[in-house]
Amino acid sequence: RVSVYDPKGEYQLVCEHLEPEGLGALQLAFDQLKQRLAAEGLFDARRKRPLPALPRKVGVVTSLDGAAVRDILKVLRRRQHIIVKPTRVQGEGAALDIARALSAIGKVKGVDVVIVGRGGGSIEDLWAFNEEVVARAIAGCPVPTISAVGHETDLTIADFVADVRAPTPSAAAEMVVA
């Protein structure tokens, strides 16, 4: 609230409660979840699986509306059988949708590897990939997973849990056909 200090005629801003906002609050949530999941061993290199040398069927969990799916399909369609499980990748409820899509694609017979991700965006746009439900879905996926979230400089909890982190969705597709 605003008040006036009468003796000097100065305005004062009186704050009774302060919370971090924006990157501060999100960074705190990110750091706390990262620390907790690391302590549980979800990021441990010993639990990481190698990617198959010649995958025949590739699962892709992403939005059908973004550039990421087009980039991935352009690289993969020449050589692999591709199964896309469309999902929302940002906004309220997206994390649960991503987790459900990962669970569903992990049950598809013959899927050798799964790419999960989306193109770039702000930290808020990418936040679904920093949610615990997504981390646990990646950890529970029965086949090797590649996290392909954002651009090269973006890091998410999904990147730490996945078997392999790709700097971009296109790079993830290149890893699969290497």
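What you are looking at is a predicted structure, and each value in this text was computed from that prediction instead of being measured.

**Some points on the side chain of Asn-130**
Working step 1: Along the polypeptide, Asn-130 turns up in the loop between helix 4 (123-126) and helix 5 (132-140).
Working step 2: Judged by relative accessible area, which is 5%, Asn-130 ranks as buried.
Working step 3: In contact with Asn-130, other than residues within four places in its own chain, are Phe-30, Leu-33, Leu-155, Thr-156 and Ile-157.

**Concerning the pattern of salt bridges**
Working step 1: In total, this model carries nine salt bridges according to the counting rule given.
Working step 2: In this structure, Glu-40 engages Arg-136 in a salt bridge whose closest nitrogen and oxygen atoms are separated by 2.8 Å. Within this pair, whereas Glu-40 is found in helix 1 (residues 23-40), its partner Arg-136 is found in helix 5, the two being separated by 96 residues in sequence.
Working step 3: On the basis of relative accessibility, which here comes to 43%, the residue Glu-40 falls in the partly exposed class.
Working step 4: Judged by its relative accessible area of 35%, Arg-136 falls in the partly exposed class.
Working step 5: Residue Arg-100 is joined to Asp-97 by a salt bridge in which the shortest nitrogen-to-oxygen separation is 3.9 Å. On the criterion of helical spacing, the pair formed by Arg-100 and Asp-97 is a turn pair, its members being three residues apart in helix 3 (residues 94-106).
Working step 6: Taking relative accessible area as the criterion, Arg-100 reaches 52% and is therefore assigned exposed.

**Examining helix 3**
Working step 1: With 13 residues, helix 3 extends 18 Å from end C-alpha to end C-alpha; this agrees with the ideal 18 Å at 1.5 Å per step.
Working step 2: Turning to helix 3, its buried residues are Ala-94, Ala-95, Ile-98, Ala-99, Ala-101, Leu-102, Ile-105 and Gly-106. Viewed along the axis of helix 3, the buried residues span an arc of 160°, placing them on a single side of the element.

**Section: the packing of helix 2 (residues 67-76) against helix 7 (residues 169-177)**
Working step 1: Orientation of helix 2 relative to helix 7, taken along the N-to-C sense of each, is 20°, at an axis distance of 8 Å. Taken together, helix 2 and helix 7 sit at an angle that is classed as roughly parallel. As helix 2 packs across helix 7, the resulting crossing turns out to be right-handed. Across the interface between the two elements, Ala-68, Asp-71, Ile-72, Val-75 and Leu-76 of helix 2 pack against Pro-169, Ser-170, Ala-173, Glu-174, Val-176 and Val-177 of helix 7.
Working step 2: Grouping the constituent residues of the contact of helix 2 with helix 7 by class yields eight nonpolar, one polar and two charged.

Conventions adopted
- Residues numbered from 1 in each chain as written.
- Predicted model: local features only at pLDDT ≥ 70, side-chain atom pairs only at ≥ 80, totals over all residues.
- Heavy atoms only, no water.
- Helix = DSSP H or I, 4+ residues; strand = E, 2+ residues; numbered from the N terminus.
- Buried < 20%, exposed > 50% of the residue type's maximum accessible area, 1.4 Å probe, protein only.
- Contact = heavy atoms within 4.5 Å.
- Salt bridge = Lys/Arg side-chain N within 4 Å of Asp/Glu carboxyl O.
- Expected span 1.5 Å × (residues − 1).
- Arc of directions from axis to C-beta.
- Axes fitted to C-alpha atoms, helices over the stretch in contact; angles between N-to-C directions.
- Parallel < 35°, antiparallel > 145°, perpendicular 65-115°, else oblique.
- Left-handed = near helix turned anticlockwise from the far one by under 90°.
- Nonpolar A, V, L, I, M, F, W, Y, C, P; charged D, E, K, R; others polar.

Keep in mind these values describe shape, not function.
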